[in-house]
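Listed below, chain by chain, are the residues.
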Amino acid sequence: MSATAPSGDESIAGVLAALADGRVRVVDLTNELSADTPTLTLPEPFANLIDFSLEEVSAFDDSGPLWRHNNIHTGEHIGTHLDAPRHWISNRDGAGVSDIPVGRLVGPAHVVDITARVDADPDYLLEVDDILAYQSEHGPLSPGSWLLVRSGWDQFARDEAAFLNISDGVSHTPGISAAAARWLAQESPIAGYGVETVGIDAGNAFVLEPPMPAHHFLLEADRYGVTSLQNLASLPAAGAAIVVCPLPIVGGTGSPARVLALVAS
């Protein structure tokens, strides 16, 4: 008798059992969210989002004797966050955060390591050849997957000056070339693209053509971006799964997100 594939119930039970006994572990890819979280600062005359803050409403006092409540104040694109298609002018009427099919927020994770190149040049741009070299070694990008770029930049995630790396008014952080962004949007089957830096484009990507090509091409093609990731060094180049959990903000152009990975131990 030939073997049969496990049913959906059996597959889920297998994953839960592997989590329970440690054969699969959960890796948190999210930066902490606080008033100290490094955020993008645009030069004048552009407007900036507010930073994250907590406002105490009650704390076991007359305003709430048995509970503690806070209001949160934050921009959409603060800390580890998701970019929705409608965030960029190339898809200005596209999907907001609450419109994204949740199945596209869970998928295989492909991790491309460019740390050595970034160590030599903080302005390094991921190129098509880097992606093709990855595929030659680890296999093709999977449908519905997320391409995650490990640059080592998460080491600066709690130091705003180092994280933004601004010199003479220019932010020097790694990103992706226009050619590679176009290739991912038009030639690959990915659902999303993730980075360790403050945005999905390089710090100096306004000088590229088009400006900010990851935003331009990926969001235009209904792909999603996620930023300020942590702990990509804990993931294998292939074989992990990613879970991206933004708030379903109606009409939102982005949202702070908790991002997790499932990794075989």
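This text goes with the structure placed above it.
Just so it is clear, the structure is predicted and the values come from calculations on it, not from any experiment. Note on numbering: residues in each chain are counted from 1, in written sequence order. Where local features are concerned, this predicted model is filtered to residues with pLDDT of at least 70; where side-chain atom pairs are given and counted, the filter is 80 or more; whole-chain, interface and lining totals use all residues. Only hydrogens and water are set aside when side-chain values are computed; all heavy atoms of the structure are taken into account.

Let us now look at the nonpolar core. Residue types Ala, Val, Leu, Ile, Met, Phe, Trp, Tyr and Cys, when buried and joined through side-chain atoms within 4.5 Å, form a set referred to as a nonpolar core. Using a 1.4 Å probe on the protein chains alone, a residue whose accessible area is under 20% of its type maximum counts as buried, one over 50% counts as exposed, and one in between counts as partly exposed. Ranked by size, the top nonpolar core spans 28 residues in total, and within it Leu126, Leu147, Ile176, Leu184 and Tyr193 carry the most contacts. Where this core is concerned, the elements lending two or more residues are helix H3 (128–138), strand E7 (146–150), helix H4 (160–164), helix H5 (178–187), strand E11 (192–195) and helix H6 (213–220). Numbering goes from the N terminus for both helices and strands, where a helix is a DSSP run of H or I of at least four residues and a strand is a run of E of at least two. Counting residues per element, this core draws most heavily on H5, at 4 residues. Setting aside residues no more than four positions away along its own chain, isoleucine 176 makes contact with Leu125, Leu126, Ala181, Leu184, Tyr193, Ile200, Asp201, Ala202, Leu208, Pro213 and Ala214. Core analysis: the second largest hydrophobic core is formed by 24 residues, Leu29, Val226, Ile242 and Ala261 among them. Should any heavy atoms of two residues lie within 4.5 Å, those residues are counted as being in contact.

A few words on the packing of H5 against H6. The geometry of H5 relative to H6 is characterised by a closest axis approach of 8 Å and an angle of 10 degrees between their N-to-C directions. When the interaxial angle is binned, H5 and H6 end up roughly parallel. Contacts between H5 and H6 involve Ala178, Ala181, Arg182, Leu184, Ala185 and Gln186 on the former and, on the latter, Pro213, Ala214, Phe217 and Leu218. Axes here mean lines fitted to C-alpha atoms, for a helix over just the part in contact, with angles spanning 0 to 180 degrees between N-to-C directions. For classification, angles of less than 35 degrees are called roughly parallel, those exceeding 145 degrees roughly antiparallel, those between 65 and 115 degrees roughly perpendicular, and all remaining angles oblique.

Put simply, the grid is 1 Å and covers the protein atoms alone, a cavity is a trapped set of points that fit a 1.4 Å probe, a pocket is an open set with protein on both sides within 12 Å along at least five of seven lines, and lining residues have an atom within 4 Å of a point. Grid points are joined across faces, edges and corners, and a volume is the space filled by probe spheres set on the points. Scanning the entire structure with this criterion turns up 1 cavity of 30 Å³ or more. Counted as a void, the largest cavity has a volume near 50 Å³. Surrounding the largest cavity, Ile114, Val149, Ser151, Pro174, Gly175, Tyr193, Val195, Glu196 and Thr197 form its lining. In this count, Pro and Cys sit with the nonpolar residues alongside Ala, Val, Leu, Ile, Met, Phe, Trp and Tyr, while Asp, Glu, Lys and Arg are called charged and the others, Gly among them, polar. Of the residues contributing to the lining of the largest cavity, the split by class is 5 nonpolar, 3 polar and 1 charged.

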